[in-house]
Amino acid sequence: MPADRKLIRAINQNSLLNLIRLNAPISRPQLAELSGLSLATVIGLTSDLMERHFVVESGPAESTGGRKATLLDLHPEGGFALGLMIRGFECIGVVVNLRGDIVFSLHWDTMLKHQGHQAVEHIVRMTNDLLTQSGVEKDLVIGLGCALSGYIDAQNGICVDSWNLDWHTIELAEPLSRRLGFPVVIDNDVSCITTYERLFGWGSSSKNFFTVVLGRGVGLGLVLNGEVYRGSTGGAGEFGHMVAVPGGRRCECGKRGCLEEYISFRGIIANYLERNYKETLPFDMPLDSSSDRAVRSEERVIHKLLEQALGGDELAAQAFEHSGELMGIALSSLVNVLNPESIILTGEGAFVAPAMFQSMEAVLRQNLFSQLGKNLRLLVEPLVGYKSWARGAAALVLHRFFILPVHP
C-alpha cells in the first residue's frame, strides 16, 4: 500500500476512534453517517481497532426494523498512558486508562531541584518503578507525559527554563523515549491540566476556553478553536507575569508589579500584611522559608486567612477581594481580545474562590466590551492533590493518541 494511502487509512481510523470515544455506545452505521465514510470502510477499520483491543462490542442497538446493529465502545483497558508531575522535592506518577481514569498512582519524596543534569535518569527510574508496581505490561503503554513548571518547548521536548526546578535547556522527550521504548511528551503543567479539561472535563463541550490555575504561582491555559494554544515558541499563557501594578512588588522573575505577586498564595499573604501594617502574621503560623516546604507552608497560612475572612475578619476579606479585583481586570482584557465561551478556575489554590470569586466576577463583567460577557461561563474546579496534575500529564499522551493517526 502506498505511503499516502496508509496515512489516509490511519487518519480515518483515528477519526473513528475519536467518534467512538465521544459518542459510545455507537453503531457502525451511525459511525458511517457521522464520519462520512462508507459503511464498508467503517467495518474494515473498526475490525482492526477491535483486533488491537482499542474497541469492543457492547451489545445490540435498539431495533428500528430488520437486523439489529451491534454497538461499539472504547475498551478502557486496551491501552494505558503514564503521567508524571515533577516538582522540586517530589514526583507524583499515575497510570490512566483510555477513558482518562486513574487506575494506579505512586508518590516519590525525592529532591529533583538543581538535578537537571540527571533529569533523564531520575525520570527513567521513576517510570520503571511505576510500571513495576502497577503491574501494567509495557506493550500496553501508549506513552509517558511529563508535567513541569516554567517555560517548556513542548514541540521539541525541551525544558527551556523551570525556575522552580532550576532546570534550564534540558532535552527530555527524545532521550527519554529512546531509553523507555515508547513515546514521551512534556509540557508546562498548566497546559497539561488544560489538555485534560479539553478531553474529559468541562472544556470538552467548549472550543474556546481559558483554564486559570491558582496556587503558589498563577498559570493560564488557552484553548482556541479546540486546540491548546502554546504560542510560537511554547511560551503562551504566562498570565501571572502580566503587569498588574506598575512599579509594584518585585516578582520572582525579576520584574515589578506582576499579577502573580498579588493573586498567588504569597501575593494574598502580602495583601493581608500590607493592610495590617505588619511584617509578620498575627497568628501562630510562621512561614517556612526553605524552598522545599514553602508551598505547603504558604497554603496552610492561606487556609487560616480564608477561615478568618469567611468568619468576618475585614482585613483578611479585603486581602482576598483585592486579589479578585486584579484578576478580574486582567481576565477582562483577555476576554475582550479572545472572546472565550468559559473560564475554568482550578489548581491547588482554587479553594480560595469563596473569598475572591465575587469581586473577580464583578470587576471582570464590569470591564467587558459590549455583549462579550453575555454567555460567558465562570466555573470553579478545585484540584484534590497533585494526582490531578499527573493525570493532566497523562492526558497529553491520550490527546496525541486520539488526535494523531493511530500507527500499527
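Now for a quick tour of the structure. Since the model is a prediction, treat every value here as computed from it, not as a measurement.

**Brief notes about helix H2 (residues 28-35)**
Next, step 1: Every buried residue of H2 is accounted for by Arg28, Leu31 and Ala32. Projection of H2 onto a plane perpendicular to its axis shows the buried side chains occupying an angular sector of 100°, all on one side. Along H2, the residues that are exposed and aim more than 90 degrees away from the buried face are Glu33 and Leu34.
Next, step 2: Two residues or fewer past H2, Gly36 is found with a positive phi of approximately 80°.

**So, unusual backbone geometry**
As a rule of thumb, non-glycine residues mostly have phi less than zero, and peptide bonds are mostly trans rather than cis.
Next, step 1: In this structure, the amide linkage connecting Ala24 to the following residue, Pro25, adopts the cis form with an omega of -5°.
Next, step 2: Of note in this structure, Ser370 is not a glycine but carries a positive phi near 50°.
Next, step 3: Its place among the elements puts Ser370 in the loop between helix H11 (353-366) and strand S16 (377-382).
Next, step 4: Judged by its relative accessible area of 56%, Ser370 is exposed.

**Digging into the packing of helix H4 (residues 119-134) against helix H5 (residues 173-180)**
Next, step 1: Close contact between H4 and H5 brings their axes to 10 Å; oriented N to C, the two are set at 40°. Comparing their axes, H5 and H4 come out oblique. When the axes of H4 and H5 are compared, the crossing they make is right-handed. The residues of H5 that touch H4, namely those facing Val120, Glu121, Ile123, Val124, Thr127 and Asn128, are Pro175, Leu176, Arg179 and Leu180.
Next, step 2: In terms of residue class, the contact of H4 with H5 is made up of six nonpolar, two polar and two charged.

**Notes on H11**
For an α-helix, 3.6 residues make a turn, and residues three or four places apart therefore share a direction.
Next, step 1: With 14 residues, H11 ought to run about 20 Å at 1.5 Å a step, and its terminal C-alpha atoms sit 19 Å apart, in line with that.
Next, step 2: Every buried residue belonging to H11 is among Ala353, Ala355, Met356, Phe357, Ser359, Met360, Val363 and Leu364, and all of these are buried.

**Some words on the sheet that holds strand S2 (residues 55-60)**
The strands making up a sheet associate through hydrogen bonds between their backbones, and the pairing can be parallel or antiparallel.
Next, step 1: Read across the open sheet, the three strands follow the order S1-S3-S2; overall the sheet is antiparallel. This sheet does not close on itself; its edge strands, each paired only once, are strand S1 (26-27) and S2.

Rules behind the numbers
Residues numbered from 1 in each chain as written. Predicted model: local features only at pLDDT ≥ 70, side-chain atom pairs only at ≥ 80, totals over all residues. Heavy atoms only, no water. Buried < 20%, exposed > 50% of the residue type's maximum accessible area, 1.4 Å probe, protein only. Helix = DSSP H or I, 4+ residues; strand = E, 2+ residues; numbered from the N terminus. Arc of directions from axis to C-beta. Axes fitted to C-alpha atoms, helices over the stretch in contact; angles between N-to-C directions. Parallel < 35°, antiparallel > 145°, perpendicular 65-115°, else oblique. Left-handed = near helix turned anticlockwise from the far one by under 90°. Contact = heavy atoms within 4.5 Å. Nonpolar A, V, L, I, M, F, W, Y, C, P; charged D, E, K, R; others polar. Expected span 1.5 Å × (residues − 1). Pairing = 2+ DSSP bridges.

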